[in-house]
Amino acid sequence: MGLNFSSKKLTKIQFFFKKTHQDSIFSSQNKKISKPQKMKFQLEDVTIYFPYDNIYPEQYQYMLELKRALDAKGHCLLEMPTGTGKTIALLSLITSYKLSKPSNPIKLLYCTRTVHEMEKTLAELKLLYNYQLQHFGPGARMLAIGLSSRKNLCVNPSVVSAENRDSVDAGCRKLTASWVRAIAVENPNIATCSFYENYDAADKAGASTLPAGVYTLQELRLYGKEKGWCPYFLARHMVQQANVVVYSYQYLLDPKVAGIISKEMERECVVVFDEAHNIDNVCIEALSVSVRKQTLEGATRNLSRMSNEIERLKATDAGRLRVEYNRLVEGLAQRLPAQDVWLANPALPDDIMKEAVPGNIRKAEHFLSVLRRFVQYLNGRLETDNVEKEGPVAFVASINTQVGIDQKMLKFCYDRLHSLMLTLEITDTDEFLHIQTVCDLATLVGTYSRGFSIIIEPYDERMPHIPDPVLQLTCHDASLAIKPVFERFQSVVITSGTLSPIDLYPRLLNFNPVVSRSFKMSLTRDCICPMVLTRGSDQLPVSTKYDLRSDPGVEKNYGKLLLEMVSVVPDGVVCFFVSYSYMDGIVNSWHESGILKDIMQHKLVFIETQDVVETTLALDNYRKACDSGRGAVFFSVARGKVAEGIDFDRH
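Per an unreviewed UniProt entry, the protein chain carries the name DNA 5'-3' helicase and comes from Solanum stoloniferum. For the protein chain, the Cofactor (unreviewed entry) comment in UniProt is given as "[4Fe-4S] cluster". As recorded by UniProt, the Catalytic activity (unreviewed entry) comment attached to the protein chain reads in full: "ATP + H2O = ADP + phosphate + H(+)".

**Concerning the overall build of the protein chain**
Within the protein chain, the regular secondary structure consists of 26 helices and 19 strands. Within the span of the protein chain, comprising 651 residues, buried residues form 52% of the whole. Once local pairs closer than 6 in sequence are excluded, the contacts in the protein chain between residues at least 24 apart make up 75%.

**Quick notes on the sheet that holds strand E17 (residues 572-577)**
On the basis of which strands lie adjacent, the open sheet formed by three strands has the order E17-E19-E18 and parallel pairing. At either end of the open sheet lies a strand with only one pairing partner, and these are E17 and strand E18 (604-607). Taking the axes of each pair of neighbouring strands and ignoring which way they run, one obtains an average angle of 20 degrees across the sheet. Judged from the four bridges that link them, E18 and strand E19 (residues 632-637) form a sheet pairing that is parallel. Looking at E19, one finds that phenylalanine 606 is bridged to phenylalanine 634. Helix H26 (residues 612-627) rests against E17, E18 and E19 of the sheet, and its axis sits at about 150 degrees to E19.

**Examining the pattern of salt bridges**
Across all of its chains, the model carries 25 salt bridges by this definition. For lysine 67, the salt bridge goes to aspartate 71, with nearest N and O atoms at 2.5 Å. Here lysine 67 and its partner aspartate 71 are both found in helix H1 (residues 57-72), four residues apart, which amounts to about one turn of the helix. With a relative accessible area of 1%, lysine 67 lands in the buried category. Residue lysine 483 pairs with glutamate 487 through a salt bridge whose shortest N-O separation is 4.0 Å. Placement of both lysine 483 and glutamate 487 in helix H21 (residues 479-488) is noted, with a separation of four residues, approximately one turn of the helix. Residue glutamate 487 is classed as exposed on the basis of its relative accessible area, which comes to 54%.

Parameters at a glance
- Residues numbered from 1 in each chain as written.
- Predicted model: local features only at pLDDT ≥ 70, side-chain atom pairs only at ≥ 80, totals over all residues.
- Heavy atoms only, no water.
- UniProt positions renumbered as here; feature names shortened; annotations may be inferred.
- Helix = DSSP H or I, 4+ residues; strand = E, 2+ residues; numbered from the N terminus.
- Buried < 20%, exposed > 50% of the residue type's maximum accessible area, 1.4 Å probe, protein only.
- Contact = heavy atoms within 4.5 Å.
- Pairing = 2+ DSSP bridges.
- Axes fitted to C-alpha atoms, helices over the stretch in contact; angles between N-to-C directions.
- Salt bridge = Lys/Arg side-chain N within 4 Å of Asp/Glu carboxyl O.

Below is the structure:
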């Protein structure tokens, strides 16, 4: 039987295997075997279903180590080079493990960095699912869905046309908020979302379900259009029933999102963080906040508008403010309809919800007064000419001394804001992102006394002559955000093409893996030619070392090297830079010197940006240029969006 355990057909390695003591043993001797089959083989006590004809030995070893981690119900670290079919090895092992051990009802939560990776994972899973159905039968049926933001799942044309994710979220709330729908019952002129109304009616009748199968985001949208249901709320509803959920890291690591989406996931889940070489950065970003002058100006506008709304409410419906006050006396916890939930608390501990809100911020006008004083304090701190750094304890003490806001008031700012916005029935939440950021900062600094620093910088180091002060609450401890994940779920798999040095990650994330392995790529022929260039054509040294990278000679030599490459390499060239700022600087330099113009004589140039939509568009057009024979060069950033999980295959 010919075996290739990979979705990536780099090389076909053929192996024979024989049954010995119920184990499959692989030998890398090249044996000619008649007709390749899709694969079904035994891995210890698990029958593996694998939807490809051939397998790489590293994939087999990868599955073996992963199985041992699942057996031990512990966490693991697995490194395997890009292009060796990590995703299909993971999916095959975990779904086959579930089929072989029906008494162990594991659920797979597969986390990716980008929407492109999510779609690719679901496409692989669909192939595997069809193969399992064919060989195992109806017992292999499962439900697998991808969950993403409204921007990627909404099918209402008037909402999804908004320019960014926050505007789409706000547009959705304007049509689906419980109070908007209540008014629409009496006044047919009030706009609502027909997709949400149809979904809600089906949900109340117990009919809002998805048939078994694997659904990509595109297929969820098509299913929603066909049924007339909202795909976003349908996916949110089906997350609990699904056997496999593919979504972004933030749905588990960012407390504001995880507190809504993932809080009811059962302990038996297997969590996979794919392309996890930057997971420590993601954890740190999830608990870090930046505040600039523009943020504080926006927050001041938000507070003025909320103040006007409170005055209006006092005159027209004072009872609503009274009901909220009474509820706050009892505690913050409340059950909200899914369409009214905004974002959860940015801090990790659940017990914040069990305490009563401090008396001095229960009344709406008192709370706004506290926020005004806090914004005023932050404005004062940004008026500095020097870089300042201090810990949360000193920062909170300074706030208490100068504006009379204590730690407990700060801790409850975010939830108190959320409660007030619901009471005031505010739907355009995208307009209130500034005050939300300020309350994020307040709650985090009021909750944590260790693992954070407050850093105030008067200007951006790239433009020291332009004042642009920023106050950052920076998290130092990556383990804070991921700790609840390790505690809640029995197996967490951290995997990537590069986890070197692999023994660093348990220390960074503060956990003890039961398995920690790194696998090498097996190649039967030379198919890559790595070269390290140390000198340019003029024999001057070239390097991206920090003290050399901005040297005009280095920039010119890299430009000439790229020009020589694009003139002889057919179709596509991908050029990685060390950072976005370095790429911006060097592309400007090449433009001024005319090198960029010369490069474009041979190939079109596409550039990765920090905007996901722009980058996706650039990638699509890069592929089209290669497919049409025009050829293209793609400028991107190492460890940026394009460097993770995108296949630059064939030409």
